Amino acid sequence: MSLKEIKLEDLDVKSFIEQQSQAISSEVGDTMAINALSGGVDSSVVSMLAHRALGDRLKTYFIDNGIMREGEPQAVVSTMDKCGLPVELIDAQDEFFAALKGKTDPEEKRQAITDTFYRAVFGQLVRESGARFLLQGTNFTDVEETVAGIKRQHNILAQLGIDTETAYGYKVIEPIIQLRKPAVRAVGKALGLPESVFNRPPFPGPALVTRVIGEATRERIELVRKATVIVEQELALTEAFQYMAILHEDRVTGIREGKRDFGLQIEIRCWDSKDAVTGSPTRLPYEVLEKLAARITSEVFGVVSVTYSITTKPPSTIEAI
Ligand code: XMP
């Protein structure tokens, strides 16, 4: 891989911000750029950098793809608004669910999201706005895992030989592609983002789809979304790197109201990690695990089994698909 990492210990945050702002400004010139904000650390940092560099020449969109967490689209727009960044919310739920229909293979699901995002949704926004550039928060770990063939991260294009100008009609600018998460957080802090943003646990671009094994229908996404609310409420104070609920495809026999219930299974994962390259399960107190199981089985209809993953990465990966 020709791309070189800038390690946290070698990063001069101030001059990185200056250099990247200048690079964005000179690349975009007098034209317009659009910006894909997901609300995660990476895209929030890129949004602030680009806003600083381009001002009114930047148009930032949050795509409501229907696969985000509870209340996330509105929360992201309002947080960034408080940081002085105007964001337009685009409802693209139907496009994403249509593309995911009938797909069960993990890489096909990821590909469907990539195509919908870059070709259908951003392709149209670019045509309508006359922009020639798309800014996005690809980081070094995303590239590394995709190039190594572990997972096709949704945002990797050029490193897979995709010429975005030919494929989608715009050029992609990736200002933090040489940084891993701890370095991205340091830049976010220096840019004045609130701690709730620069220290936010990572969340993947393909969102809750990475946590639904099998077909990601509206109903199954809604179910994992409900379980995610509970997991995030109960584990928020753990300081773990990332925590999640995963909906399994297989059902198991359970008992509900004294009767057989061939029900659903939720797996919980909670990770200790620095940069998502390796990870180990957090040693959660047993009482916390018991509370999670009790809440999920009573509050998420149809779930009869809750398990906790005790596997390290590798051989596991952080997300399920
Ligand atoms: P995995 O599951 O590959 O995840 O061990 C490593 C880290 O990356 C996040 N992740 C993604 N982030 N696009 C992203 O922006 C993706 O397609 C994607 N897949 C996984 C994951 O949440 C973890 O932090």
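What you see is a predicted model; the values in this text were computed from it and never measured.

Section: the site of the ligand
Consideration 1: Lining the immediate surroundings of the ligand are 16 residues, of which Glu-145, Lys-151, Lys-313, Ile-318 and Glu-319 lie closest.
Consideration 2: Within the backbone of Ile-318, one N or O atom sits 2.7 Å away from an oxygen atom of the ligand.
Consideration 3: In isolation the ligand exposes 490 Å². Once the protein is present, 93% of that is buried.
Consideration 4: Taken atom by atom, the bulk of the ligand overlaps the largest cavity.
Consideration 5: Considered class by class, the residues forming the shell around the ligand number five nonpolar, six polar and five charged.

Let's talk about the packing of helix α4 (residues 93–100) against helix α5 (residues 106–129)
Consideration 1: Running from amino to carboxyl end, α4 crosses α5 at an angle of 145°, the nearest separation of the two axes being 9 Å. Of the two possible hands of crossing, α4 and α5 adopt the one that is right-handed. Along the contact surface, α4 presents Glu-95, Phe-96, Ala-99 and Leu-100, while α5 presents Lys-109, Ala-112, Ile-113, Thr-116, Phe-117 and Val-121.
Consideration 2: Residue composition of the contact of α4 with α5, by class: seven nonpolar, one polar and two charged.

Quick notes on the pairing of strand β3 (residues 87–91)
A regular strand carries its side chains on alternate faces of the sheet.
Consideration 1: Across five bridges, the pairing between strand β2 (residues 58–64) and β3 is parallel. Paired with Asp-64 across the strands is Asp-91, a residue of β3.
Consideration 2: Running through helix α3 (residues 72–82), the crossover from β2 to the neighbouring parallel element β3 is right-handed.

A look at the side chain of Glu-145
Consideration 1: With respect to the secondary-structure elements, Glu-145 resides in helix α6 (residues 140–147).
Consideration 2: Judged by its relative accessible area of 10%, Glu-145 falls in the buried class.
Consideration 3: Leave out the neighbours within four places in its chain, and Glu-145 touches Ile-150, Lys-151, Gln-153, Ala-276 and Lys-313.

Brief notes about α5
Because each turn of an α-helix spans 3.6 residues, side chains separated by three or four positions in sequence point in the same direction.
Consideration 1: Here α5 spans 33 Å end to end across 24 residues, near enough to the 34 Å set by a 1.5 Å rise per residue.
Consideration 2: For α5, the principal kink sits at Phe-122 and spans about 40°.
Consideration 3: Measuring from the backbone nitrogen of Glu-107 back to the side-chain oxygen at the start of α5 gives 3.1 Å, which picks out Asp-105 as the cap.
Consideration 4: Within two residues after α5, Gly-130 carries a phi angle of roughly 75°, on the positive side.

What to know about the domain arrangement of the chain
Consideration 1: One can read the domain layout of the chain as domain 1 (8–198) and domain 2 (212–308).
Consideration 2: Computed over C-alpha atoms only, the centres of domain 1 and domain 2 are separated by 28 Å.
Consideration 3: Between domain 1 and domain 2, the residue contacts involve 20 residues of the former and 18 residues of the latter.
Consideration 4: Taken as a group, Arg-69, Glu-70 and Phe-97 account for 31% of the area that domain 1 buries against domain 2, more than any other trio of residues on that side.
Consideration 5: Seen at the junction of domain 1 and domain 2, the total is two salt bridges.

Details of the nonpolar core
Consideration 1: Judged by nonpolar contacts, the single largest core of 89 residues is most densely connected at Val-45, Ile-63, Phe-122, Leu-135, Val-187 and Ile-266.
Consideration 2: Beyond its immediate sequence surroundings of up to four residues, Phe-122 is in contact with Ile-34, Asn-35, Ala-36, Tyr-61, Ile-63, Phe-117, Leu-134 and Tyr-170.

Some points on the packing of aromatic side chains
Two aromatic rings are characterised by how far apart their centres lie and by the angle between their planes.
Consideration 1: Counted according to the given criterion, the structure contains five aromatic pairs.
Consideration 2: For the pair Tyr-61 and Phe-122, a centre-to-centre distance of 6.4 Å together with 70° between the ring planes defines the contact as edge-to-face. Note that Tyr-61 is positioned in strand β2 and Phe-122 in helix α5, a separation of 61 residues in sequence. Across this residue pair, the class does not change: Tyr-61 and Phe-122 are buried.
Consideration 3: Where Phe-117 meets Phe-122, the ring centres are 4.9 Å apart and the plane angle is 65°; that geometry is what we call edge-to-face.
Consideration 4: By relative accessible area, Phe-122 is classed as buried at 0%.
Consideration 5: Of the aromatic side chains, those joined through ring pairs into one cluster are Tyr-61, Phe-117, Tyr-118, Phe-122, Tyr-168 and Tyr-170.
Consideration 6: Against the face of Phe-203 rests Arg-69, its NZ or CZ located 3.7 Å from the ring centre.

Rules used in this analysis
- Residues numbered from 1 in each chain as written.
- Predicted model: local features only at pLDDT ≥ 70, side-chain atom pairs only at ≥ 80, totals over all residues.
- Heavy atoms only, no water.
- Near = heavy atom within 4 Å.
- Polar contact = N/O pair within 3.5 Å; in protein donor to acceptor, adjacent residues only side chain to side chain.
- Areas by Shrake-Rupley, 256 points an atom, 1.4 Å probe, with all protein chains shown as cover.
- 1 Å grid on protein atoms, 1.4 Å probe; cavity = no way out; pocket = protein on both sides within 12 Å on 5 of 7 lines; lining within 4 Å.
- Sits in = over half its atoms within 2 Å of the grid points.
- Nonpolar A, V, L, I, M, F, W, Y, C, P; charged D, E, K, R; others polar.
- Axes fitted to C-alpha atoms, helices over the stretch in contact; angles between N-to-C directions.
- Helix = DSSP H or I, 4+ residues; strand = E, 2+ residues; numbered from the N terminus.
- Left-handed = near helix turned anticlockwise from the far one by under 90°.
- Contact = heavy atoms within 4.5 Å.
- Pairing = 2+ DSSP bridges.
- Right-handed = clockwise from strand over helix to strand, strands pointing away.
- Buried < 20%, exposed > 50% of the residue type's maximum accessible area, 1.4 Å probe, protein only.
- Expected span 1.5 Å × (residues − 1).
- Bend = angle between axes of the 7 residues up to and from the residue.
- Domains from an automatic or database assignment.
- Buried area = accessible area lost by both parts, 1.4 Å probe.
- Salt bridge = Lys/Arg side-chain N within 4 Å of Asp/Glu carboxyl O.
- Core = buried A, V, L, I, M, F, W, Y, C linked by side-chain atoms within 4.5 Å.
- Phe/Tyr/Trp six-rings, centres within 6.5 Å; stacked < 30°, edge-to-face > 60°.
- Lys NZ or Arg CZ within 6 Å of the ring centre and 35° of its normal.

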